[in-house]
Amino acid sequence: MEFAWAGTGVFDARVACCVAATLHPGQDGGCQLVFRFQMGAEHGAAPVVLRVDVPPAQSGDAEEFMRALWSAYEIPDRPAEDTGAHHLARCPREAGWILSPAAPASEELFQLVMDRVNADDI
């Protein structure tokens, strides 16, 4: 599979590395395709997740593409270990992560969200 962003870069992986492909319908008639790739130990243990926004005019084609992908390559709609629960955490500030400083308003919003998430965990 190859995903290309005009003028910025390309992500290329074998279809066998795709462990899940999900289609999320949007409120505006468009949709979002979410692909989860597990590249193997030689590329790191963490999965690679790609989210592709599809405008309303192409959502029908995107749905056809996903049905073909699920059928032809037996890629599940969700990974088997996906329980629906996701742990929310800040990206670590260490080598290998691309980060930039956040504005004070963004930091305040992040803290409010994390406080709410942590209150729900109790």
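Scoring rules and cut-offs
Residue numbers run consecutively from 1 along every chain, following the written order of its sequence. Since the coordinates come from a predicted model, pLDDT governs what is reported: local features require at least 70, and pairs of side-chain atoms require 80 or more to be given and counted, while whole-chain, interface and lining totals use all residues. Computation of side-chain values: all heavy atoms of the structure, hydrogens and water removed. A run of DSSP states H or I qualifies as a helix once it reaches four residues; a run of E qualifies as a strand once it reaches two. Both are numbered from the N-terminal end. The cut-offs for exposure are 20% and 50% of the maximum accessible area for each residue type, with area from a 1.4 Å probe on protein chains only; residues under the lower value are buried, those over the upper are exposed, and the others partly exposed. The contact definition used throughout considers only heavy atoms, calling two residues in contact when any of these lie within 4.5 Å. Only the protein chains shown count as covering a residue, and every accessible area follows the Shrake-Rupley method with a 1.4 Å probe. Pairing between two strands requires that DSSP report at least two bridges joining them. Planes of paired rings set the category: under 30 degrees apart is stacked, over 60 is edge-to-face and the rest tilted, where pairs are Phe, Tyr or Trp rings (Trp by its six-membered ring) whose centres lie within 6.5 Å. The nonpolar core is taken to be a set of buried Ala, Val, Leu, Ile, Met, Phe, Trp, Tyr and Cys residues, with the residues joined through side-chain atoms within 4.5 Å. Lines fitted to C-alpha atoms define the axes, with helix axes restricted to the stretch in contact, and inter-axis angles between N-to-C directions lie between 0 and 180 degrees. The term polar contact refers here to a pair of N or O atoms within 3.5 Å; inside protein, the definition further demands a hydrogen-donor-capable atom paired with an acceptor-capable atom, and it admits residues adjacent in sequence only when both atoms are side-chain atoms.

## Digging into the overall build of the protein
Thought 1: A count of helical and extended segments in the protein gives two helices and five strands.
Thought 2: Of the regular secondary structure in the protein, the N- to C-terminal order runs β-β-β-β-β-α-α.
Thought 3: For the protein, buried positions account for 21% of its 122 residues.
Thought 4: Taking the intrachain contacts of the protein between residues at least 6 apart in sequence as the baseline, contacts between residues at least 24 apart amount to 43%.
Thought 5: Accessible area for the protein stands at about 9100 Å²; split by element, carbon and sulfur atoms hold 55% of it.

## Quick look at the pairing of strand β3 (residues 18-25)
Thought 1: Bridge count between β3 and strand β4 (residues 31-37): seven bridges; the pairing is antiparallel. Bridge assignment links T22 to a residue of β4, and that residue is V34.
Thought 2: In this antiparallel pair of consecutive strands, β3 and β4, the connection spans five residues, and G29 shows a positive phi of 95°.

## Details of the packing of aromatic side chains
Thought 1: According to the stated counting rule, one finds six aromatic pairs in the structure shown.
Thought 2: Considering the side-chain rings of F3 and F37, the 6.2 Å spacing of their centres and the 80° angle between planes classify their relative orientation as edge-to-face. With F3 in strand β1 (residues 2-5) and F37 in strand β4, this residue pair connects regions lying 34 residues apart in the sequence. In this pair, the class of F3 matches that of F37, namely buried.
Thought 3: An angle of 55° between the planes, with centres 5.1 Å apart, marks the rings of F11 and F37 as tilted.

## Focus on the pairing of β1
Thought 1: Across four bridges, β1 lies against strand β2 (residues 9-12) in antiparallel orientation. Each residue of the ladder has a partner; that of A4, found in β2, is V10.

## Here's the deal with the nonpolar core
Thought 1: In terms of nonpolar packing, the biggest core is built from 19 residues, with L33, F35 and F37 touching the most fellow members.
Thought 2: Here this core takes four residues from β4, the largest share from any one element.
Thought 3: Ignoring anything within four residues of it in the chain, the contact list for F35 reads M1, F3, C18, A20, A21, V48, V49, L50, V52, F65, M66 and L69.

## Concerning the sheet that holds β3
Thought 1: Taking strand neighbours across the sheet as the criterion, the three strands line up as β3-β4-β5 in an open arrangement whose pairing is antiparallel. Among the strands making up the open sheet, the edge pair consists of β3 and β5 (48-54). Along the sheet, successive strands turn relative to each other by an average axial angle of 15°, direction set aside.

## Quick notes on the side chain of S59
Thought 1: The topology assignment puts S59 in helix α1 (residues 59-73).
Thought 2: Taking relative accessible area as the criterion, S59 reaches 10% and is therefore assigned buried.
Thought 3: For S59, the side chain forms a polar contact with the main-chain oxygen of P56, separated by 3.1 Å.
Thought 4: Discounting residues that sit within four places of it in the chain, S59 has contacts with G29, G30, C31 and V54.

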